[in-house]
Amino acid sequence: MDGRALIPADQFVLKVHSRCDLACDHCYVYESADQSWRGRPASVPSGVVSRAALRIAEHVKTHELDRVEVVLHGGEPLLAGVAGLRAVLVELENALHGLCRLDVKIHTNGVLLNEKFCELFSQHGVGVGISLDGDRMANDRHRKYRDGRSSYDAVVRAIRLLSGDRFMHLYSGILCTIDIANDPIRVYESLLELDPPRLDLLLPHATWDAPPPRTAGSATEYADWLIAIFDRWQADGYPVRIRTFDSIIATLAGGDSATEALGLAPVRMVVIETDGSYEQADSLKVAYDGAPATGLGVFTHSLDSALEHPGIAARQHGIADLSAACQRCPVVSSCGGGMYAHRYRTGSDFDNPSVYCDDLLKLINHISSRLPHVARNRAQAGHVLSEDAVAELASGLGGAETIGQLRQGQRSLQRGLPVAVYETGLSVPAVPPSAKDLLRTAWQALALADRDGPDAVNAVLGLPYLRAWAVRCLGRLGRSDAAGGDGDRSLSADLGHLGAVAAAAAIRGRAHARLTVPLIDGSVHLPGLGRLTAGLTVSGADGETQAVLEIEADWVRVRLGADGWRLPRPRMLAGDPCPAEPCTPDGAPAVTGTARPAVWEPVRVLTAPGIRVTLEDTDPYRDCYQWPAAPRLTDEEFARWQRAFGLAWREIQEHHPAYAPALAVGLTALMPMMPAPAGADVSAAARQGFGAVATVLPDNPATLALLLIREFQRVKLGAVLDRYDLFDPADSRLEELLDGAYANLAVTEFWRVRAGLGQHDRAEAAERYQYWREHTAAAIETVAGSGALTPLGRHFVGQMRNAIAVSG
Ligand code: SF4
């Protein structure tokens, strides 16, 4: 080791069978330089499995991992048989029970896959990836039985079994090895017909010593092949996740790659062979005989020892581990030097660019140049959630890291909204010139604030109801009667709110600015900070509709017609209910009694151990739900909310801890709603308000806990839908159905837990649990059978079905 901290592994490739029933001529296990498989047991012995499981558990404990993935691999892993695989799964589950989440996948050629295997995988939640190279002709170039027979029909039958209603929750995708002799579009279309939730398009393993097949004189045929599919995929509207493209899009936007073949992320994977030896990635088998070996194994060494092996340690330090040529390369953060094995050349070992260097450069540059507005937005929104994150969310949960990814994506998305309002506002003829002038001033102030204090701007642009404001503005600007009224708010007032956004950012960033902002509902609103309410009317003082804000180091002066007030900036930032002192237009204190009174109402914060949530009762764009927003709370009412919130949070932490990390990271605002008739516990969440939950204040804190958990499910799903198409948007009922089913996954879990608490309402809780379980399972089946889900949507809903099935 070089003294740097060890990066733990969280993926383990466990070889359960080292032989195969096919004889594919491009297989890197049997047809490569490394022939170590010959000396290993065909089937993994039970002693190796139990020892491997203990080593993984030991590693989990040492590094306090909250999740690991085990990939059952071969050879052909199904040759281990149903009983053999069951024994492996039980051993792993027993070893890791109570320590961390275990995700298991199996990569198979599929020819043996049948209902018995699928039932086993369903019982243990094993995702299944199948290798197939395209249509019959493409597949039969390489993937054949030893006697030359085609494997195509058997593999497609297996995929049909997986993509059917019964087992679709297991189907994790198709792995296709590229052969440039195949027509890329035919390969793409034939694979898409099989409804995969994800495609992997894999470059055939090769090195500088054994380069991939190419037409003489061509250096980029693999790029051209992939580009043909990328262009078609893009034109089709991204109907399936394609890991190579997803990874490039994500890394171009500064995110993480989803494959070890691209990007700069450290290696976090160890292979465990059927004899218990630790190995590096299988792909290294193409380099030279013995290349993946570490000389270590489960019986003698910990996984930490394997990670300290020089071969693995050499891929832990990002760009520093790459060749000099790669370090200078303009696309290095996306490419990462390509797959490690593909860099090998006798003499210089792995200190080279990839043998696919020209292809990778061309492909990455092409994708970078072809990302249109929508794709850029998706990229900015972190288009690629990690696979773990999607799986976690689909199961109805999502930890702090996953919610952090969603939040980051929403912030990126929201950052694009003010510019959309600004540009659209300037381009629409119906917008009055005076409103356009104010838009320009506000935009310039926001740009300056961003230059001098980007954190402050990010904080304001990340507020939940910024999107509700932008969507309202863009909606009005898109209508033929754009200048017409909408409620009692003019278009100029809506657009002018950009000035208030810029002012809030300037105040937070301690910048100086002079801005004109609209009076909305009789108040000057500063998003995330509070509002200044002047006089007793709600229509503005003396007919004024705008206020002028002068923001200085210590003071914020507000002028409204002939009146003026000044507010101490530090106390505004601290959320204090500070006085609004009357002042003259130049800022000097006014003679007492000559100005109308004004009240500064700061945004207040609900707190409990480990969580802080804004109580949002001033934002003029918060009223975006079906049930109306409550007016500003009195101090007594706020105190009641604070008490109930503290108790509800304690309930969540003690009895529903799986939801607590997500809420602690993602719940940023709570919006009180008007009481409902007959005391109904109304609550809501909206796509336009990421991080916010709206609710009445129920009598029982446990009910508030339930409402928070339920509505935050909707917040999560909305953010997922911002990134991925899970269903055909033409089917308008699907979003509501999916939203209800996803929210009720958590409701079911809530009552399941409560029924087991032994409290006075145990019988009622058990009854509710049964009701919601049946109701939610039925709703999931309705969504699953709608015929309108995308391949990814089928996979997502399949995981939901899995979650409700195991909640019994
Ligand atoms: S494109 Fe070539 S030089 Fe650039 S990082 Fe990739 S392999 Fe290295």
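Relevant structure appears above.
Because the structure is predicted, anything quoted here is derived from the model rather than measured. (Residues numbered from 1 in each chain as written. Predicted model: local features only at pLDDT ≥ 70, side-chain atom pairs only at ≥ 80, totals over all residues. Heavy atoms only, no water.)

Engineer: Give a description of the sheet that holds strand β14 (residues 546-551) that names residues and reports values.
Structural biologist: Across the sheet, eight strands lie side by side as β17-β16-β15-β14-β11-β12-β13-β18; this open sheet has antiparallel pairing. Looking along the sheet, the strands with just one partner apiece sit at the ends: β17 (581-582) and β18 (598-602). Relative to β14, strand β11 (residues 513-520) runs antiparallel, the two being bridged by six bridges. Paired with Ala 513 across the bridge in β14 is Ile 551. (Pairing = 2+ DSSP bridges. Helix = DSSP H or I, 4+ residues; strand = E, 2+ residues; numbered from the N terminus.)

Engineer: For the packing of helix α1 (residues 46-63) against helix α2 (residues 81-96), give the residues involved together with the corresponding values.
Structural biologist: Orientation of α1 relative to α2, taken along the N-to-C sense of each, is 30°, at an axis distance of 9 Å. Between α1 and α2, the crossing angle belongs to the class labelled roughly parallel. Taken as a pair, α1 and α2 cross one another with a handedness that is right-handed. Every residue of α2 that contacts α1 at Val 49, Ser 50, Ala 53, Ile 56, Ala 57 and Val 60 is listed here: Val 88, Glu 91, Leu 92, Ala 95 and Leu 96. (Axes fitted to C-alpha atoms, helices over the stretch in contact; angles between N-to-C directions. Parallel < 35°, antiparallel > 145°, perpendicular 65-115°, else oblique. Left-handed = near helix turned anticlockwise from the far one by under 90°. Contact = heavy atoms within 4.5 Å.)

Engineer: Which residues make up the packing of aromatic side chains, and what values go with them?
Structural biologist: Under the criterion given, the structure shown has twelve aromatic pairs. Ring plane angle 90° and centroid distance 6.4 Å describe the contact between Tyr 465 and Tyr 625, whose orientation is recorded as edge-to-face. Within this pair, whereas Tyr 465 is found in helix α19 (residues 464-477), its partner Tyr 625 is found in the loop between β20 (611-615) and α22 (635-655), the two being separated by 160 residues in sequence. Relative accessible area serves as the criterion here: at 10%, Tyr 625 is assigned to the buried category. The ring of Tyr 145 carries the charged tip of Arg 149 above its face, separated from the ring centre by 4.2 Å. In this structure, Arg 489 is placed above the aromatic ring of Tyr 621, and the distance from its NZ or CZ to the ring centre is 4.9 Å. (Phe/Tyr/Trp six-rings, centres within 6.5 Å; stacked < 30°, edge-to-face > 60°. Buried < 20%, exposed > 50% of the residue type's maximum accessible area, 1.4 Å probe, protein only. Lys NZ or Arg CZ within 6 Å of the ring centre and 35° of its normal.)

Engineer: Lay out the sheet that holds strand β22 (residues 683-684) with the relevant residues and their values.
Structural biologist: The strands making up a sheet associate through hydrogen bonds between their backbones, and the pairing can be parallel or antiparallel. Spatially, β19-β20-β21-β23-β22 is the arrangement adopted by the five strands of the open sheet, whose pairing is mixed. In the strand order of this sheet, the two ends are held by β19 (604-608) and β22, each with one partner. In this structure, β19 lies alongside β20, joined through five bridges in antiparallel fashion. Counterpart to Thr 607 in the pairing with β20 is Arg 612. Along the sheet face, α22 touches β19, β20, β21 (669-672) and β23 (692-695) and points at about 30° away from the line of β19.

Engineer: Please set out the layout of surface pockets residue by residue, giving values where relevant.
Structural biologist: Within this model, the second largest pocket holds a volume of roughly 790 Å³. Gly 528, Val 603, Arg 604, Val 605 and Thr 614 are, among the 40 residues lining the second largest pocket, the residues nearest its centre. Elements with a contribution of two residues or more to the lining of the second largest pocket: α16 (400-427), α19, α21 (569-573), β19, β20 and α23 (660-666). The residue makeup of the lining of the second largest pocket, split by class, is 21 nonpolar, ten polar and nine charged. (1 Å grid on protein atoms, 1.4 Å probe; cavity = no way out; pocket = protein on both sides within 12 Å on 5 of 7 lines; lining within 4 Å. Points joined across faces, edges and corners; volume = space filled by probe spheres on them. Nonpolar A, V, L, I, M, F, W, Y, C, P; charged D, E, K, R; others polar.)

Engineer: Can you tell me about the site of the ligand, naming the residues and giving the values?
Structural biologist: Surrounding the ligand, one finds Cys 326, Cys 329, Val 331, Val 332, Cys 335, Gly 337, Pro 353, Ser 354 and Cys 357. Counted by class, the shell around the ligand contains seven nonpolar, two polar and no charged residues. (Near = heavy atom within 4 Å.)

Engineer: Describe in detail helix α13 (residues 357-370), supporting the description with residues and values.
Structural biologist: With 14 residues, α13 extends 20 Å from end C-alpha to end C-alpha; this agrees with the ideal 20 Å at 1.5 Å per step. Within α13, burial applies to Asp 359, Leu 360, Leu 363, Ile 364, His 366 and Ile 367. For α13, the buried positions fall inside an angular range of 160° around the axis, keeping them on one side. On the buried face of α13, the contacting elements are α7 (221-235), α8 (243-252) and α12 (332-335). (Expected span 1.5 Å × (residues − 1). Arc of directions from axis to C-beta.)

Engineer: Outline the side chain of Lys 436, supporting the account with residue identities and numerical values.
Structural biologist: The topology assignment puts Lys 436 in helix α17 (residues 433-452). One buried charged residue, Lys 436, remains without a salt bridge, the closest side chain of opposite sign being Asp 437 at 9.1 Å. Polar side-chain contacts of Lys 436 include one of 3.1 Å to the backbone oxygen of Leu 426. Discounting chain neighbours no more than four positions away, the residues touching Lys 436 are Gly 425, Leu 426, Val 428, Pro 429 and Val 431. (Lys, Arg positive; Asp, Glu negative; His and termini not counted. Salt bridge = Lys/Arg side-chain N within 4 Å of Asp/Glu carboxyl O. Polar contact = N/O pair within 3.5 Å; in protein donor to acceptor, adjacent residues only side chain to side chain.)

Engineer: An account of the environment of Gly 785 is needed here, citing residue identities and associated values.
Structural biologist: Among the secondary structure elements, Gly 785 is positioned in the loop between α26 (762-784) and α27 (791-806). Distance from Gly 785 to Asp 165, taken between C-alpha atoms, is 7.8 Å for residues 620 residues apart in sequence.

Engineer: Mind laying out the packing of α19 against helix α20 (residues 491-508), listing which residues take part and the relevant values?
Structural biologist: In the contact formed by α19 and α20, the axes pass within 10 Å of each other and the chain directions differ by 145°. Considering the relative orientation of α19 and α20, their crossing is left-handed. Of the residues in α20, those touching α19 at Leu 466, Trp 469, Arg 472, Cys 473, Arg 476 and Leu 477 are Leu 491, Asp 494, Leu 495, His 497, Leu 498 and Val 501. Grouping the amino acids of the contact of α19 with α20 by side-chain chemistry returns eight nonpolar, one polar and three charged.

Engineer: Outline α7, supporting the account with residue identities and numerical values.
Structural biologist: The end-to-end C-alpha distance of α7 is 21 Å, a good match for the 21 Å that 15 residues give at a rise of 1.5 Å each. Within the span of α7, buried status applies to Glu 221, Tyr 222, Ala 223, Trp 225, Leu 226, Ile 227, Ile 229, Phe 230, Trp 233 and Gln 234. Summarising the contacts, the buried residues of α7 are in contact with α6 (184-192), β6 (198-202), β7 (241-242), α8 and α13.

Don't take any of this as a statement about function, it's just geometry.
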